[in-house]
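# Residue-level structure breakdown
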Amino acid sequence: MTYAAGKNAVDRTQKEVPKIDCHTHIVSPEIRDEYFSRTDGWALVMQFPSSIFPNPRCAETVRSDPRLFLCAAVDLKAPIAGQLERIEPRIEEDKIVGLKIYLTYQKGRASDEKMLPVYEFARKNRLTVTFHTGLCSLVLPTDKDLEGSSAAYIELAARAFPDVNFVIAHLDDPRYEECVEILSRNENLFSDVSGVYETGAKEATDVEGTIRNYDRILHSRPGMEKKILYGTDFCPPINLDRIPEYEYTMDSIFPAETRADIYRGNCLRAFPRLRDAYDKR
């Protein structure tokens, strides 16, 4: 099946499986309106540190729509303790279900001692920690600390905090094989392939080739149908505006009987506070 045919099939079945987009940057009302004009379901919003991308209306945007939930940014270039103190009283009002740390963009490792208060805070408040890993946006400012974002350091944190869930966003691009191996041996680790179809990136010009590569990698270890979350990284201002490509990718790699997990179930397992909201819907 070609990408064009697959896209048409996705369009026809869009409403059939309620989806949770685990990774977006719906940080303004304008991005919210564009996103929901093209798809439905729930979405997790990854807040940016303002030094990477100013997004002063992020929390307000999340509060404005019952389908949106927030992963609050932890800025590695600012004192962490004060940030956590400001986040805690906002958890309920801002529908915070997780924290987002921008490795590679900001120098640091998941196993660094300064990260420990973040994980203690996440454990206390039942929050999930999502890391940017691997290569960065083509347009955002970055420290280019690719080595520091390695999933190997996230594995150390995950083993030290087995009751906290961690998401290795972007499958540690380009260290895919190592990431899948790490996912396979750690119950509290999850990942996604969001952001790969960035305008200007080679993957966006060869969707079929990208799918073949992911298919090979994700089937190199058993159990990835319980580890991979559906995510788009949607944020048109930074050239991330694809949706059908991600659905076609998931549908091409994973059989129909696993798609409820890929599109919804895995995200609910990965984000306990999101599960609470889902159960109350």
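Cut-offs and rules
Residues numbered from 1 in each chain as written. Predicted model: local features only at pLDDT ≥ 70, side-chain atom pairs only at ≥ 80, totals over all residues. Heavy atoms only, no water. Buried < 20%, exposed > 50% of the residue type's maximum accessible area, 1.4 Å probe, protein only. Helix = DSSP H or I, 4+ residues; strand = E, 2+ residues; numbered from the N terminus. Arc of directions from axis to C-beta. Contact = heavy atoms within 4.5 Å. Pairing = 2+ DSSP bridges. Axes fitted to C-alpha atoms, helices over the stretch in contact; angles between N-to-C directions. Right-handed = clockwise from strand over helix to strand, strands pointing away. Core = buried A, V, L, I, M, F, W, Y, C linked by side-chain atoms within 4.5 Å. Parallel < 35°, antiparallel > 145°, perpendicular 65-115°, else oblique. Nonpolar A, V, L, I, M, F, W, Y, C, P; charged D, E, K, R; others polar. Expected span 1.5 Å × (residues − 1). Disulfide = S-S within 2.5 Å.

### Some remarks on helix α2 (residues 29-38)
Buried within α2 are the following residues: P29, I31, R32, Y35 and F36. The arc that holds the buried residues of α2, viewed along the axis, is 155°, so those residues lie on one side. Turned more than 90 degrees from where α2 packs its buried face, E30 and S37 sit exposed. Looking at the buried positions of α2, the neighbouring elements they touch are β1 (20-24), β2 (42-46), α3 (58-63) and β3 (68-74).

### Describing the sheet that holds β3
Strand order in the open sheet formed by eight strands is β1-β2-β3-β4-β5-β6-β7-β8, and the pairing between neighbours is parallel. For this open sheet the edge positions go to β1 and β8 (228-229), each flanked by a neighbour on one side alone. Sheet topology places strand β7 (residues 189-192) next to β8; two bridges connect them, and they run parallel. Within β8, the position partnered with S191 by the bridge is I228. The strands that helix α4 (residues 80-87) touches are β3 and β4 (96-102); relative to β3, the one it contacts most, it runs at about 160°.

### Remarks on the pairing of β1
Judged by how many residues are buried, β1 sits mostly within the fold: five of five residues are covered. Across three bridges, the pairing between β1 and β2 is parallel. Counted as the bridge partner of D21 is A43 from β2. As for the winding sense of the linkage, the β-α-β connection from β1 through α2 to β2 is right-handed.

### Details of the nonpolar core
Inside soluble globular proteins, nonpolar side chains tend to come together where they are buried. Y119, F166, L171, F271 and L274 are the most contacted members of the largest nonpolar core, which totals 97 residues. Broken down by element, this core gets its largest block of residues, seven residues, from β3. If near-sequence neighbours (up to four positions away) are discounted, L274 is found in contact with I20, W42, L44, F69, V97, C267 and L268.

### Section: unusual backbone geometry
Negative phi values dominate among residues other than glycine, just as trans dominates among peptide bonds. Here D173 and P174 are connected by a cis peptide whose omega angle stands at 10°. Topologically, P174 is positioned in the loop between β6 (166-169) and α7 (176-184). The residue H170 is not glycine, and still its phi comes out positive at about 75°. With respect to the helices, strands and loops of the structure, H170 is situated in the loop between β6 and α7.

### Topic: the packing of helix α10 (residues 259-270) against helix α11 (residues 272-280)
For any two helices packed against each other, one specifies the crossing angle of their axes together with the interaxial distance. In the contact formed by α10 and α11, the axes pass within 5 Å of each other and the chain directions differ by 120°. As the angle between them shows, α10 and α11 are arranged oblique. Residues R264, C267, L268, R269 and A270 of α10 form the contact with α11, whose own contacting residues are P272, L274, R275 and Y278. Split into classes, the residues belonging to the contact of α10 with α11 amount to six nonpolar, no polar and three charged.

### Re α10
For α10, which comprises twelve residues, the first-to-last C-alpha distance of 16 Å matches the rise-based estimate of 16 Å (1.5 Å per residue) to within 8%. For α10, the full list of buried residues reads I262, Y263, R264, G265, N266, C267, L268 and A270.

### Side note on the state of the cysteines
As enumerated under the stated definition, the model contains zero disulfides in all. For the unlinked cysteine C235, the closest cysteine sulfur is that of C58, found at 9.8 Å. Using a relative accessible area of 0% as the deciding quantity, one classes C235 as buried.

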